[in-house]
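A closer look at the structure
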Amino acid sequence: MNMNDLPETSCSNEGPDLETMDYLRGVKSSTCLLLPMTPSPTPLDFKHPLSEVMNEDQFLSIDEGSKIENLQNSGDSSSSGDSNSVVQDPVSAQLINNISMLDYQTLSKNGDLVMGQPEACKINGNLNLNNRKLPNFVNWNWVIIRKVLLWIVLSGLVACLGAIIAMVITIPKSCNPNLPWHHGKVFYEVFPASFKDSNNDGIGDLKGLIKKLDYIKDLGCIAVRLNYIFETQDYPENYSNTTYLLKIDRSLGILKDFQDLVKAIHEKEMYIILDIPVLSMVAPVASPNSNYTILFTNDTSVSFNDQMSAAIAFWARVQNVDGFYLKNLEDFIKEVNYAKTLQIWKQIIGSGKILIASEKALELTEGDDLTVLLNRIDLIDVHLDLHEGIAGLKNHIDKILNGPLWTKPHYPWVLWNIGNINSKRVSSQYPNITLALTALEMSLPGTISLFYGDEIGLGGLSNNDVEKDFHEFQKIHNLVRMTFKGNQTDSVAFFPWNSKSVSEPKYEDLNIVKKFIEIRTNTPTIYLRAIYKEGGMLKNMEIRKTVQNLVVIERWFPRRNSCVFIGNFGNAPITIDLSTMFYGGTVIASTNNSLIGEVLYFDHVTFSPFSAMILKLEK
């Protein structure tokens, strides 16, 4: 049914002119559709506000025969009585009616966008629009797309959660500085001829040393330092009279044995260092007739004019040795090419490998040569003893800490030792004190060298043996045979070329030494030598007190617990009040294992004779 065919009781009203009639025709149909119960407005002579800018064909007409006609007819009967009413439509109804007259656009089922035409008005609100094409994305399968996007987001969240969990699981339990392998660790110094005999010929050898690498590793040592192993005329008694640096003395084995030793040490993630006697410096002018030619593993050969440089190149570059102790370097400090030779040797060995020099070489080197030494040497060997008592020990340590080694961050670290191949064994000079002195060196900043047998208090030769049978070989007084607990074949305490130790081994001290090494290697407060700040160095150690035979050393480091070493080197207990310096701390290592874990307060404390401990203070 057309709008013109509606009865007078319908929603149609006549206006004063044709334009208004056409306008009201659309108004009435929309009004009846949206608000069927709204009273008809009083006929007014007005124009639609947009009539001047809109064409008639922009308004939508309602088709005949639709369900909307029924709604209009039902609305006419209820509103005809009010057709002459003066009450106007509510403002909201007028707004809705105005909106209904706008140019509606909707999506047809086939995706075409059709402009509003007087074709049809479906109750579901869909209109057919002509002459315009929809974008392609509207036809996409958005149900599947939404599912895929949901799974992608969920998968991403699961992956992030897994990554976070993996990071938490693999995060290091400790955050310690990353230092070169030779900084702050413990070396084990061995005289191979006295360590382990593998063929029962009365002389220790390299094969025997290979069998005992697990013992050294279990101690907690990072490197094996071999004393003189090179060819001599009378080895081992005259071990220092080296005749040829490119060969191992036959008493210790052959080159293949040495190669097996190097391989075994590296497989255990340890390092090998050789004591090498300095025989000469590099010649000032290179000679055209080279005497030594070294063939490297990449089939290249290098010629050297001096045996010393050739030996360093051979053992470091061909046999993969990790470092050298330049023995007797102090005897060559007056040589013209002293500094240049150090530079050449450091270049020969390559990166990651080290050179060690003695404290005496440091003291005697001066001027520009000293600058070169401090930049080319990696460790300075310092021997500690009690020849001058506790006061002398304190003065020696303070001298090192206040010397040139602590002036720049890249200068050599100290290699502390209380026993070495050139000194008498501590147990021979001061019975019962070896363990306490070992604990002392473990608390010092730098690297530690542990002479074989000191971990069990092994002594040297008796004075009678030195004066009688071995008087011509007095320098081997401390090279007694190493003994190992629980091994019957190692129970023999002497070699044919040597004699029995003056003191019996104390195997019970072994676990105590292990504990001190463990605490040291895992505690940056102890093994770090200084605090590095703005390119400079600040000391992190102080000997706080020395009274009678008592030594108190404090170690500290930023954001770490401070540690205190207390050692009584006398044969009598000492009671003292240290509360003005410290309140209390937890014992983390001690010569008395029963004290580990106890909290100690310093107001009135007694320290047993020949005892030592390390305490961790609360922050």
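Residues numbered from 1 in each chain as written. Predicted model: local features only at pLDDT ≥ 70, side-chain atom pairs only at ≥ 80, totals over all residues. Heavy atoms only, no water.

**Considerations on the overall build of the protein**
- Along the backbone of the protein there are 17 helices and 24 strands.
- Taken across its 619 residues, the protein has 48% of its residues classed as buried.
- Excluding contacts between residues fewer than 6 apart, the proportion of contacts in the protein whose partners are at least 24 apart in sequence is 69%.
- Of the roughly 31100 Å² that the protein leaves accessible, carbon and sulfur atoms contribute 53%. (Helix = DSSP H or I, 4+ residues; strand = E, 2+ residues; numbered from the N terminus. Buried < 20%, exposed > 50% of the residue type's maximum accessible area, 1.4 Å probe, protein only. Contact = heavy atoms within 4.5 Å. Areas by Shrake-Rupley, 256 points an atom, 1.4 Å probe, with all protein chains shown as cover.)

**Things to note about the sheet that holds strand 7 (residues 271–277)**
- Around the barrel, eight strands lie side by side as 3-4-7-10-11-12-13-14; this closed barrel has parallel pairing. Here the strands of the sheet are splayed against their neighbours by 25 degrees on average, with no regard to which way each runs.
- For strand 4 (residues 223–226) and strand 7, the ladder comprises four bridges, and the chain directions are parallel. Residue pairing across strands places Ala-223 opposite Tyr-271, the latter belonging to strand 7. (Pairing = 2+ DSSP bridges. Axes fitted to C-alpha atoms, helices over the stretch in contact; angles between N-to-C directions.)

**A look at the packing of aromatic side chains**
- Under the criterion given, the structure shown has 16 aromatic pairs.
- Here the aromatic rings of Trp-181 and Tyr-271 are separated by 4.1 Å at their centres, their planes lie at 10 degrees, and the arrangement is stacked. Of this pair, Trp-181 sits in the loop between helix 4 (142–170) and strand 3 (186–190) while Tyr-271 sits in strand 7, placing them 90 residues apart in sequence.
- By relative accessible area, which is 13% here, Trp-181 ends up buried.
- Accessibility expressed as a relative area gives 24% for Tyr-271, which makes it partly exposed.
- Through successive ring pairs, a cluster of aromatic residues spans Tyr-188, Phe-195, Tyr-215, Phe-451, Tyr-452 and Phe-484.
- Note that Lys-327 overlies the ring of Tyr-325, its terminal NZ or CZ placed 4.4 Å from the centroid.
- Taking the ring centre of Tyr-452 as reference, the NZ or CZ of Arg-425 above it sits at 4.7 Å. (Phe/Tyr/Trp six-rings, centres within 6.5 Å; stacked < 30°, edge-to-face > 60°. Lys NZ or Arg CZ within 6 Å of the ring centre and 35° of its normal.)

**Quick word on the pattern of salt bridges**
- Enumeration over the complete set of coordinates arrives at 11 salt bridges.
- Among the ionic pairs, Lys-514 bridges to Asp-218, the shortest N-O distance being 2.5 Å. Here Lys-514 is found in helix 16 (residues 510–521), whereas its partner Asp-218 is found in helix 6 (residues 213–219), with 296 residues between them in sequence.
- A relative accessible area of 48% places Asp-218 in the partly exposed class. (Salt bridge = Lys/Arg side-chain N within 4 Å of Asp/Glu carboxyl O.)

**Considering the confidence of the model for the protein**
- Averaged over all residues, the pLDDT of the protein is 80; the fraction at 70 or higher stands at 72%.
- In this model, residues 1–16 is a region of pLDDT below 50 whose contacts with residues beyond four sequence positions or in other chains number 29 contacts. (pLDDT = per-residue confidence, 0-100.)

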